[in-house]
Amino acid sequence: MSDTVSASAAIPLRLRIRDGDGYAEFRVEAEPHRTVLDLLERLRSGGSAVPAYRHSCHHGSCGTCGAVIDGVEALMCLTRAADLAAPRPRLPGGPAVPPERDEAGAVIVTLEPLSKMTVVSGIAVVPGPVFAGIPKGASYLRPASADGRASLPPDPAEAVADPGAWRPDGRVRFEACIECGLCVSACPVAVPFIGPAALAAVNREREKRPEQVSAMVAIAAAPDGVGPCGRHLACSRVCPQAVFPGKHIQLLRNALASLA
Amino acid sequence: MFDPPLAPANGVRVCVIGGGGTGAALAYDLCLRGFSVTLLEKGELTSGTTGRHHGQLHSGARYAVGDRAIARECMEETLILRRIAPDAVEYNGGVFVALSDDEADYAPVFTAACVESGIPAREVTLAEARAWEPAINPAARRAVWVPDGAFDAFRVPLAFFAAARRLGAVIRPFVEAVGFDLTGGRVRAVFARPCGSTRDERIECDYVVSATGAWAGAVGRLAGLDVPITPAPGTMVAVRGRVSDMVVSRLAPPGDGDIIVPQRGLSIIGTTQRVVDDPDGILPNDDDVAFLLGRADELCPGFSKRPIHAVWAAARPLAGRAAGVGRSISRDFMVLDHAAPGSPPGSSGMATLIGGKATVLRAMAEKAADHVCMALGVDEVCRTRDYVLPPWREYYSEGNYAEGATLGGRR
Ligand SMILES: Cc1cc2nc3c(=O)[nH]c(=O)nc-3n(C[C@H](O)[C@H](O)[C@H](O)COP(=O)(O)OP(=O)(O)OC[C@H]3O[C@@H](n4cnc5c(N)ncnc54)[C@H](O)[C@@H]3O)c2cc1C
Ligand code: SF4
Ligand code: FES
């Protein structure tokens, strides 16, 4: 993206956005570094009736702006016009194919809501299935490696910390998973299944907190746990955060096997 | 376990307009005090300024020289938020670094102001600071440790929304307030339009609080009010990887491009400031990117060599009307009561809550809820400090949301 601020030619796009049974269509000229979300925001503020969409952080942190963009789940805030004009896969892990263009040469871009979720309006969904299977109280902090750095000064708030809350010692960071549900939408499993995002969280909890191991293993062993996963790996391919949920599912299988 | 004792329901209906952090905390506070709350947000929750902020949980150090009261409040609120939303805060502390002679001279002034504001800042040697975070510029002159942190701009408010909904608030994203019934010079109802619908609903209420941030001017106009708000967008640039775990700031009076907030797998430099008329659809200024990366390199050399992850902008809701650049307008917040001149406060049935920082969302809500109580003669105190909030995931995972029932949309 560092090259994008240079003056590159605008890219003509035809955005087709799912709206109920049909599509709302907009023709835009996009600077290569503008994101799909930027373009929707610009259209909306310009008075166009853009179908509803979710967004919050605009930098790939909140996980709200997922959509199926030309057949592949992606975050709208991290997908740039330049990406849309370049060859891309049309299904998770598929071969890159050149963009489809209309008769005037504009790149045709189709935005669909994430699947498996209830549509509120337009491409805005309720992400219930992403969150429903994540264990209540699964910790979102993880220890960060000091990498040879000195330990941090004592925390002046130690005295007020909630004694019930689990917090790793030392440096902390948030878990990589932003709960965007791209993996859940892309997963082809069609039987009851708590899904890749939940299982990734289950495995992280198992790895971080010894006292949670048996509870987490029980979730993985349940009929809707790791069993239904068919190792399609669509989850790992679409994940914007390199969580690789498929890897976590495998680690849970290994843990189950070692306990059997 | 989130199970706070509830004040008896008082039957008083309050409509909160705006689903940012301020509206979230206000809905929760009002529910705890026994009100019947409906919150309207025209987009997804936190899709205004809140979700896009820089992510700094301000200890108040940045504001201490300018305003001890604001700084003290930030310090108190960081401790409260860390207690009630522990999983949505990356607390690793922060360092202010002086790069020039002037900045080096500022260190004792800065540290003294922090200590006077109740912020346990202390000067450390550069060697110590660089032992914590080797990314800090080795040419820095002085360093001061402060209890800053990073927080998740989306997940902290969502935890408040989860709490509010658990206590009975009706939270309605994708529903826009489009007008008011002002019969008899007092707000009687809000007209609300669900996204994708052409039919307005009438939401009867006894009081309205507009917590619409940079949009407060526009929402005020719907009620025929003049709300002095200036939308002032700033740009942020996120690069991949963490330059540090601590927040790294410039030891100088607040300016542009002077804070690096690390968060999850990113390092974010911000911000800039300009003034606009319309807070909708603001995009980052391309010129800001090179400027911000240059400033980041001064704090942590090599910052700009990292791949850029995202560039975005968010609009500050600055109180007052600015000519030129807006940074001198106070960052403090205010509750504007819209009573006609000569009429008692509360008589218009509406107030606007503006300004502030995401760090002080709970305190802003407390002041606004106190005002609602005063206006409506309800005698209940604030208790939002007292309970650990439910996990934010509950907002989407509970009840009919998980099964995918409507959020007030047309289905
Ligand atoms: C660049 C930048 C960086 C910042 N960094 C930090 C930081 O690091 N730390 C910090 O503590 N603070 C920071 N802030 C400040 C903080 O982001 C804001 O003070 C805070 O988010 C304001 O929250 P709010 O809920 O009042 O407003 P908003 O989040 O803007 O909420 C108002 C909501 O009202 C909605 N709305 C508008 N009109 C209507 C209508 N008619 N009907 C229904 N809904 C409507 C909007 O969609 C919006 O979601 C930063 C601000 C900016 C601009
Ligand atoms: S595992 Fe990846 S794709 Fe799935 S919810 Fe988490 S971040 Fe999103
Ligand atoms: S808007 Fe937050 S991930 Fe895209």
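About the thresholds
- Residues numbered from 1 in each chain as written.
- Chains lettered and ligands numbered in written order.
- Predicted model: local features only at pLDDT ≥ 70, side-chain atom pairs only at ≥ 80, totals over all residues.
- Heavy atoms only, no water.
- Helix = DSSP H or I, 4+ residues; strand = E, 2+ residues; numbered from the N terminus.
- Rg over C-alpha atoms; globule rule 2.2 N^0.38 Å.
- Buried < 20%, exposed > 50% of the residue type's maximum accessible area, 1.4 Å probe, protein only.
- Contact = heavy atoms within 4.5 Å.
- Lys, Arg positive; Asp, Glu negative; His and termini not counted.
- Charge placed at Lys NZ, Arg CZ, Asp CG, Glu CD.
- Near = heavy atom within 4 Å.
- 1 Å grid on protein atoms, 1.4 Å probe; cavity = no way out; pocket = protein on both sides within 12 Å on 5 of 7 lines; lining within 4 Å.
- Sits in = over half its atoms within 2 Å of the grid points.
- Nonpolar A, V, L, I, M, F, W, Y, C, P; charged D, E, K, R; others polar.
- Polar contact = N/O pair within 3.5 Å; in protein donor to acceptor, adjacent residues only side chain to side chain.
- Areas by Shrake-Rupley, 256 points an atom, 1.4 Å probe, with all protein chains shown as cover.
- Domains from an automatic or database assignment.
- Axes fitted to C-alpha atoms, helices over the stretch in contact; angles between N-to-C directions.
- Parallel < 35°, antiparallel > 145°, perpendicular 65-115°, else oblique.
- Points joined across faces, edges and corners; volume = space filled by probe spheres on them.
- Buried area = accessible area lost by both parts, 1.4 Å probe.
- Salt bridge = Lys/Arg side-chain N within 4 Å of Asp/Glu carboxyl O.
- Phe/Tyr/Trp six-rings, centres within 6.5 Å; stacked < 30°, edge-to-face > 60°.
- Lys NZ or Arg CZ within 6 Å of the ring centre and 35° of its normal.
- Pairing = 2+ DSSP bridges.
- Expected span 1.5 Å × (residues − 1).

Quick look at the overall build of chain B now. Each helix and strand in chain B was counted, giving 11 helices and 20 strands. Taken over C-alpha atoms, the radius of gyration comes to 21 Å for chain B, in line with the 22 Å a tight globule of 411 residues would show. Taken along the three principal axes of its C-alpha coordinates, chain B extends 65 × 50 × 40 Å. Counting over 411 residues, chain B shows a buried share of 65%. Looking at chain B alone, contacts between residues at least 24 apart form 73% of all its contacts between residues at least 6 apart. Measuring between centres, the 43 positive side-chain charges of chain B sit 3 Å from its 48 negative side-chain charges.

Let us now look at the site of ligand 2. Residue and element names in this part refer to chain A. By nearness alone, 13 residues border ligand 2, and Cys 177, Cys 180, Gly 181, Cys 183 and Cys 239 come closest of all. Given that more than half its atoms are within 2 Å of the pocket grid, ligand 2 belongs to the largest cavity. For the shell around ligand 2, the per-class residue count stands at 10 nonpolar, two polar and one charged.

Residues and elements named next belong to chain B. Surveying the vicinity of ligand 1 reveals 36 residues, the closest of which are Thr 22, Glu 41, Thr 50, Gln 56 and Thr 359. Note that an oxygen atom of ligand 1 is positioned 3.2 Å from one of the backbone N or O atoms of Gly 21. The separation between an oxygen atom of ligand 1 and a polar side-chain atom of Thr 359 is 2.7 Å. For ligand 1, the accessible surface in isolation is 1,000 Å², of which the surrounding protein chains cover 96%. Mapped by element, the contributors of at least two residues to the shell around ligand 1 are α1 (21-32), β10 (175-181), β14 (229-240) and β18 (308-319). The residue inventory of the shell around ligand 1, partitioned by class, reads 12 nonpolar, 19 polar and five charged. When residues are assigned to domains, the shell around ligand 1 turns out to be shared by domain 1 (13-49 + 154-228 + 330-397) and domain 2 (91-150 + 230-319), each giving three or more.

Residue and element names in this part refer to chain A. Contact geometry for helix α6 (residues 213-221) and helix α8 (residues 245-259): axes closest at 10 Å, N-to-C directions at 105°. In terms of orientation, α6 lies roughly perpendicular with respect to α8. On α8, the residues touching Val 217, Ala 220 and Ala 221 of α6 are Leu 252, Leu 256 and Leu 259. Classifying every residue of the contact of α6 with α8 by side-chain character gives six nonpolar, no polar and no charged.

Applying the stated rule across the entire model yields six cavities of 30 Å³ or more. In terms of lining residues, the largest cavity is bounded by 13 residues, among which A:Cys177, A:Cys180, A:Cys183, A:Cys239 and A:Val243 are the most central. Of the residues belonging to the lining of the largest cavity, the class tally is 10 nonpolar, two polar and one charged. For the second largest cavity, the calculated volume is near 50 Å³. Along its surface, the second largest cavity is lined by A:Arg54, A:Cys62, A:Gly63, A:Thr64, A:Pro127, A:Phe131, A:Ile178, A:Glu179, A:Cys180, B:Phe154, B:Arg155 and B:Tyr396. In terms of residue class, the lining of the second largest cavity is made up of seven nonpolar, two polar and three charged.

Another point: the interface of chain B and chain A. Counting residues at the interface gives 67 residues for chain B, matched by 71 residues for chain A. In total, about 5,600 Å² of surface goes out of reach between chain B and chain A, with carbon and sulfur atoms giving 57% of it. Of all residues in chain B, B:Arg264, B:Leu283 and B:Arg393 give up the largest surface area on contact with chain A, accounting jointly for 13% of the area buried on that side. Our count for the contact surface shared by chain B and chain A stands at 12 salt bridges. The salt bridge partner of A:Glu179 is B:Arg155, with a shortest N-O separation of 3.1 Å. The interface formed by chain B and chain A holds 29 residue pairs in polar contact (both at pLDDT 80 or more) in total. At the level of elements, α3 (68-84), β4 (89-90), α5 (126-132), β17 (266-270), α8 (286-299), β18, α10 (394-397) and α11 (399-403) of chain B are the ones that each hand at least two residues to the side of chain B that touches chain A. Tallying contributions element by element places β18(B) first for the side of chain B that touches chain A, with five residues. Residues of the side of chain B that touches chain A, tallied by class, amount to 34 nonpolar, 12 polar and 21 charged.

Right, let's get into the packing of aromatic side chains. Per the counting criterion, the structure on display carries nine aromatic pairs over all chains. By the ring-pair criterion, three or more aromatic residues cluster together here, those being A:Phe131, B:Phe161, B:Tyr395 and B:Tyr396. Just above the ring of A:Tyr23 sits the side chain of A:Arg18; from NZ or CZ to the centre is 4.4 Å. Above the face of the B:Tyr91 ring, B:Arg82 is positioned so that its terminal group lies 3.7 Å from the ring centre.

Two elements, strand β1 (residues 11-19) of chain A and strand β2 (residues 22-30) of chain A, share nine bridges in a ladder whose sense is antiparallel. Each residue of the ladder has a partner; that of A:Leu13, found in β2(A), is A:Val28.

What follows covers the pairing of strand β12 (residues 201-204) of chain B. All names here are of chain B. In this sheet, β12 lies alongside strand β11 (residues 189-194) in antiparallel orientation, the contact comprising four bridges. The partner of Val 190 across the bridge, within β12, is Ile 203. The turn joining β11 and β12, which pair antiparallel and follow one another in sequence, is formed by six residues; a positive phi near 80° is taken by Gly 196.

Attention now moves to the domain arrangement of chain A. Residues and elements named next belong to chain A. Each domain of chain A was delimited in the assignment, giving domain 1 (11-126) and domain 2 (130-140 + 175-259). Relative placement of domain 1 and domain 2: their C-alpha centres are 27 Å apart. Counting residues at the interface gives 17 residues for domain 1, matched by 16 residues for domain 2. Buried area between domain 1 and domain 2, both sides added, is near 1,100 Å², and the carbon and sulfur share of it is 64%. The tally of links between domain 1 and domain 2 comes to zero salt bridges. Summed over the shared surface of domain 1 and domain 2, the number is five residue pairs in polar contact (both at pLDDT 80 or more). Of all the elements in the fold, those that place two or more residues in the side of domain 1 that touches domain 2 are β3 (66-69) and β4 (72-75). Among the residues forming the side of domain 1 that touches domain 2, the class breakdown is nine nonpolar, six polar and two charged.

Right, let's talk about α1(B) for a bit. Note that an α-helix has 3.6 residues per turn; residues three or four places apart therefore point the same way. Residues and elements named next belong to chain B. The first and last C-alpha atoms of α1 sit 17 Å apart over 12 residues, in line with the 16 Å expected at 1.5 Å per residue. The element α1 is largely enclosed, with a buried count of 12 among its 12 residues. Buried residues along α1 sit in contact with β1 (13-17), β2 (36-40), α6 (155-166), β13 (207-210), β20 (350-355) and α9 (361-376). Gly 34, located one to two residues past α1, shows a positive phi value of around 95°.

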